[in-house]
Amino acid sequence: MDFYNLMNYFLSFTDAVREVRKYSVNATADKSAKLYPNTYDTLHMKLFRAQRNLYISGFSLFLWLVLRRVTNLIVQLASEMESCDALKAQVEKNNEAAKKYMEDNEHLKKVLDASKVGDNEQKIKRDNEMLKNEIEKGKKELQTMSEALSKSQAEVLALKKQSEGITREYDRLIREHELLQNTIQEEDSKKEQ
């Protein structure tokens, strides 16, 4: 569907360019102006209409491209926000697991201090070392997840700023388009009078 819209805008633009070129030729108008007095006015009227169509189709093509880019940026921003939320949930889950491991470590330290039994002491030390390793692994995972979260947030902010800039530019172009339309309408009304 987008391809057909683009082709339609492009074809109307190229047709308008062709019409402007067709009516811009002054040599044929000079020869025929001597024969027919209204030919010169008719030629200028057709040239004006061709130029008007050129501007309208050009603005339509340009605005279609701008709208396409804005929608792509909005879709990209939405997917980044979704991935950011997923990363936040994963970081929170890793935080909870790290807290649990730390609590288990403290509990094992208390148990180790309370019972100084020979055989159990070695087993407890091994378990304690395993828990320490798991805690370190959890801390590393937590750190990588928090770094990924901050990077994703920075990307989301950059996309938001870019989207706002494009929106401002689009609004500015719409205002210019309205001014041009008003100018063209004023010129048409002056010519009709």
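Scope of this entry: the structure provided in the associated data block. (Residues numbered from 1 in each chain as written. Predicted model: local features only at pLDDT ≥ 70, side-chain atom pairs only at ≥ 80, totals over all residues. Heavy atoms only, no water.)

## Topic: the packing of aromatic side chains
As enumerated under the stated definition, the model contains one aromatic pair in all. Ring centres of Y9 and W64 lie 6.5 Å apart, and the angle between their planes is 50 degrees; this geometry places the pair in the tilted category. You can see Y9 sitting in helix α1 (residues 2-24) and its partner W64 sitting in helix α3 (residues 39-114), a full 55 residues away along the chain. For W64, a relative accessible area of 15% gives the class buried. (Phe/Tyr/Trp six-rings, centres within 6.5 Å; stacked < 30°, edge-to-face > 60°. Helix = DSSP H or I, 4+ residues; strand = E, 2+ residues; numbered from the N terminus. Buried < 20%, exposed > 50% of the residue type's maximum accessible area, 1.4 Å probe, protein only.)

## Here we look at the side chain of N94
For N94, the location among the structural elements is in helix α3. Not counting residues within four places of it along the chain, the set of residues in contact with N94 comprises E141, L142 and M145. (Contact = heavy atoms within 4.5 Å.)

## Re the pattern of salt bridges
Under the defined criterion, the tally for this structure stands at four salt bridges. A salt bridge links R18 to D15, with the nearest nitrogen and oxygen atoms 2.7 Å apart. With R18 and D15 both in helix α1, this residue pair falls three residues apart, about one helical turn. Judged by relative accessible area, which is 45%, R18 ranks as partly exposed. On the basis of relative accessibility, which here comes to 36%, the residue D15 falls in the partly exposed class. Among the salt bridges present, the one from E169 reaches R172, with a minimum N-O distance of 2.3 Å. In this pair, E169 and R172 both sit in helix α4 (residues 118-192), three residues apart, roughly one turn of the helix. Judged by relative accessible area, R172 falls into the partly exposed class, the value being 33%. (Salt bridge = Lys/Arg side-chain N within 4 Å of Asp/Glu carboxyl O.)

## Describing a nonpolar patch on the surface
Among the surface-exposed residues, F3, Y4, M7, F10 and L11 lie close enough to one another that they form a single nonpolar patch of about 560 Å² accessible area. On the secondary structure map, L11 appears in helix α1. (Patch = residues over 30% accessible without salt bridge, like charges linked within 9 Å, V, L, I, M, F, W, Y side chains within 5 Å. Areas by Shrake-Rupley, 256 points an atom, 1.4 Å probe, with all protein chains shown as cover.)

## Some words on the side chain of E80
Along the chain, E80 turns up in helix α3. Ignoring any residue separated from it by four or fewer positions in sequence, one finds E80 in contact with S152, E155, V156 and L159.

## A look at the nonpolar core
Residues L63, V66, V70, L73, L77, V156, L159, I166 and L173 constitute the largest nonpolar core, which totals nine residues. At the level of elements, α3 and α4 are the ones that each hand at least two residues to this core. Looking at this core, the element that brings in the most residues is α3, giving five residues. Residues in contact with V66, not counting those within four places in the same chain, are Y170 and L173. (Core = buried A, V, L, I, M, F, W, Y, C linked by side-chain atoms within 4.5 Å.)

## Regarding the environment of T14
Along the chain, the position of T14 falls in helix α1. Sequence separation between T14 and S57 is 43 residues; the distance between their C-alpha atoms is 8.8 Å. A polar contact of 2.9 Å, which involves the side chain of T14, links it to the backbone oxygen of L11. (Polar contact = N/O pair within 3.5 Å; in protein donor to acceptor, adjacent residues only side chain to side chain.)

## So, α1
The end-to-end C-alpha separation of α1 is 33 Å, in line with the 33 Å expected for 23 residues at 1.5 Å each. Along α1, the residues classified as buried are A16, E19, V20 and Y23. (Expected span 1.5 Å × (residues − 1).)

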